[in-house]
Amino acid sequence: MIRSPRVTALSIAAALALTACGESARLQVSDGTGASPTLPSPNPTTLPTVNIAPAIGWQQGAKPTPAPGLAVTAFAVGLDHPRWLQVLPNGDVLVAESNAPSDGEKPSGFKAWMAGRVMKKAGAGVPSADRISLLRDADNDGVAELRTVLLKDLHSPFGMALVGNELYVANADAVWRFPYRDGDTTITDKGVKVTDLPAGLNHHWTKNLIASRDGAKLYITVGSNSNVGENGLDKEEGRAAIWELDRASGDKRLFATGLRNPNGLAWEPGTGALWTAVNERDEIGSDLVPDYITSVKDGGFYGWPYSYYGQHVDARVKPQNPELVAKALVPDYALGPHTASLGIAFSQGTSLPAAFANGLFVGQHGSWNRKPKSGYKVIYVPFKNGKPDGAPVDVLTGFLNAEEDAQGRPVDVRLDKHGALLVSDDVGNTVWRVTAAK
């Protein structure tokens, strides 16, 4: 019997509807947050829970809701899927306008098709602008009056780092170096490829980077090529990791592994430790697995794909690897399940009120695999003696409206030259600026 395309489409739609209304959270997001999160038994379903916030953007004059004592204004509007930020020494702000690459091998099958539909509905289906724009607020009024294209014709750019007169950019498949002089508003030099990065399926295409404090090394994030290795572990070579690159020699090595999808990178001011934000795995229930922030140990293994949050074995992964699981490190601090925590910035030097003087800002892009939804906000995690200390505090909310449509989705967070907090919003196509209320 041959089924008509209409019947097939209706069957798929029905399956999606069932997954959206079936499994749901039994715990609060706060239960999966902190140094000792609650980790219930896995609750896998035949099809993953799909609970998307449709991307609609902001209505004229609308904006996120700041915490008491704070104010928020638009630093720049009308951008094209702004993802990552970099603040230059002169105060200029770079923004990577970027999305997933259109080339390369494409995953196949029903789950891949469904993932594509999810991303499109969530606002991530737009073509990549493949550029880095420069925003300048020369009159210090909190609004960028100058916008130029600093670099164009890139390949899904994401992370950026300036070391001396060299600007490093992490494309989806390689790190590139470009000459930069203070005050430049455009770079026409073609650049030099520094090193290739694992690419291919690009289940997680974003590559971030940060320079060591002395500028001698670069640390580069590479996410996994799957949820839990279902595309084959051969596709994961060099992925789910942070690489260390020696700038002088060009040599690189794996610095830390087992990090499913590391994104944000920042140096803790007191201890000098490298911290990262990591997106954990999906499809074992709305209450698992918490995303997290953690200090990153040289040579450390953090579990993926074989285990999560230390030595909690993921039975879906074949073959198992108990010897490696035994070495898995427990992350420092959970950020709630499926919050999609991305950008991080330590708050030292902020001009926000004293309550935000010593901690970490985190941009939470928001869930698709949790019912009810989680994330869709910017939070602040207080620190003491170089470690998280206490419950997180909401900084910027209201990205979901009353109908739970996504007016915006926060991505990266950075302090500008005045100590205000910048937040990129890739659905609202805006960079927001958070200051102390007057």
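Residues numbered from 1 in each chain as written. Predicted model: local features only at pLDDT ≥ 70, side-chain atom pairs only at ≥ 80, totals over all residues. Heavy atoms only, no water.

Draft legend 1. Looking closely at the overall build of the protein. Across its full length, the protein carries 3 helices and 29 strands. By residue count, 55% of the 438 residues in the protein fall in the buried class. For the protein, restricting intrachain contacts to residue pairs at least 6 apart in sequence, the fraction spanning at least 24 positions comes to 61%. (Helix = DSSP H or I, 4+ residues; strand = E, 2+ residues; numbered from the N terminus. Buried < 20%, exposed > 50% of the residue type's maximum accessible area, 1.4 Å probe, protein only. Contact = heavy atoms within 4.5 Å.)

Draft legend 2. How the structure looks around the environment of lysine 297. Position of lysine 297 among the secondary structure elements: in the loop between β18 (290-295) and β19 (307-308). In the structure, lysine 297 is positioned 41 residues away from alanine 256 in sequence and 6.8 Å away in space, judged by C-alpha atoms.

Draft legend 3. A look at the nonpolar core. Formed by 22 residues in total, the largest nonpolar core has its most connected members in Phe361, Val395, Leu421 and Val434. With residues near it in sequence (within four places) discarded, valine 434 still touches Leu70, Ala71, Val72, Leu352, Val395, Leu396, Ala420 and Leu421. (Core = buried A, V, L, I, M, F, W, Y, C linked by side-chain atoms within 4.5 Å.)

Draft legend 4. Here's a closer look at the pattern of salt bridges. All chains considered together, the criterion is met by 20 salt bridges. The shortest N-O distance in the salt bridge between aspartate 196 and lysine 193 comes to 3.0 Å. The class for aspartate 196 is partly exposed, based on a relative accessible area of 46%. Residue lysine 193 is classed as partly exposed on the basis of its relative accessible area, which comes to 42%. With a closest N to O distance of 2.9 Å, glutamate 404 and lysine 373 form a salt bridge. Of this pair, glutamate 404 sits in the loop between β26 (393-397) and β27 (410-415) while lysine 373 sits in the loop between β23 (359-364) and β24 (377-384); the two residues are 31 residues apart in sequence, bridging distant segments of the chain. Several salt bridges converge on common partners, so that one network encompasses Glu280, Arg281, Asp314 and Arg316. (Salt bridge = Lys/Arg side-chain N within 4 Å of Asp/Glu carboxyl O.)

Draft legend 5. Representation of the packing of aromatic side chains in the model. Tallied over the full model, the rule gives 13 aromatic pairs. Geometrically, the ring pair formed by phenylalanine 346 and phenylalanine 383 is edge-to-face, given 5.3 Å between the ring centres and 90 degrees between the ring planes. Of the two residues, phenylalanine 346 is situated in strand β22 (residues 341-346) and phenylalanine 383 in strand β24; the sequence distance between them amounts to 37 residues. A residue is classified by how much of its surface remains accessible, and phenylalanine 346, at 9% relative accessible area, is buried. (Phe/Tyr/Trp six-rings, centres within 6.5 Å; stacked < 30°, edge-to-face > 60°.)

Draft legend 6. Fine view of the sheet that holds strand β29 (residues 430-436). Spatial ordering of the open sheet is given by β3-β29-β28-β27, a layout of 4 strands whose pairing is antiparallel. Either end of the sheet is taken by a strand with one partner, and the two such strands are β3 (70-76) and β27. Within this sheet the neighbouring strands show an average axis-to-axis angle of 25 degrees, counted without direction. (Pairing = 2+ DSSP bridges. Axes fitted to C-alpha atoms, helices over the stretch in contact; angles between N-to-C directions.)

Draft legend 7. Up close: the pairing of strand β9 (residues 166-170). In terms of residue burial, β9 counts as a mostly covered element, since 4 of its 5 residues are buried. As defined by bridge partners, strand β8 (residues 160-163) adjoins β9 across 4 bridges and the pair is classed as antiparallel. Directly across from alanine 161, in β9, lies its bridge partner tyrosine 168. Counting the residues that bridge the hairpin from β8 to β9 gives 2 residues, and of these glycine 164 lies at a positive phi of roughly 60 degrees. Sheet topology places β9 next to strand β10 (residues 174-179); 5 bridges connect them, and they run antiparallel. Counterpart to tyrosine 168 in the pairing with β10 is arginine 177. In this antiparallel pair of consecutive strands, β9 and β10, the connection spans 3 residues.

Draft legend 8. Molecular detail of the sheet that holds strand β5 (residues 93-97). Overall, antiparallel pairing links the 4 strands, which are arranged β4-β5-β6-β7 in an open sheet. One side of each edge strand has no neighbouring strand; the edge strands of this open sheet are β4 (82-87) and β7 (146-151). Each strand axis lies, on average, 30 degrees off the axis of its neighbour in the sheet, ignoring direction. With 5 bridges joining them, β4 and β5 adopt antiparallel strand pairing. Across the sheet, residue glutamine 86 finds its bridge partner in β5, namely leucine 94.

Draft legend 9. Region of the structure containing the side chain of arginine 433. Among the secondary structure elements, arginine 433 is positioned in strand β29. Here aspartate 416 takes part through its side chain, which lies 2.7 Å from a polar atom of the side chain of arginine 433. Not counting the four nearest positions on each side in its chain, arginine 433 is found in contact with Ala71, Val72, Thr73, Phe75, Gly142, Asp416, His418, Ala420, Leu421 and Leu422. (Polar contact = N/O pair within 3.5 Å; in protein donor to acceptor, adjacent residues only side chain to side chain.)

Draft legend 10. A look at unusual backbone geometry. Cis geometry marks the peptide bond from tryptophan 304 to proline 305; its omega dihedral reads 0 degrees. Summarising the element assignment, proline 305 is placed in the loop between β18 and β19. Across the junction of lysine 371 and proline 372, the peptide omega takes the value 0 degrees, indicating a cis bond. Mapped onto the secondary structure, proline 372 falls in the loop between β23 and β24. Despite not being glycine, aspartate 153 shows a phi value in the positive range, around 60 degrees.

Draft legend 11. Quick peek at the confidence of the model for the protein. Per-residue confidence for the protein gives a mean pLDDT of 93, with 90% of residues at or over 70. Throughout residues 1-20 the model reports pLDDT below 50, and contacts reaching past four residues in sequence, or to other chains, amount to 12 contacts. (pLDDT = per-residue confidence, 0-100.)

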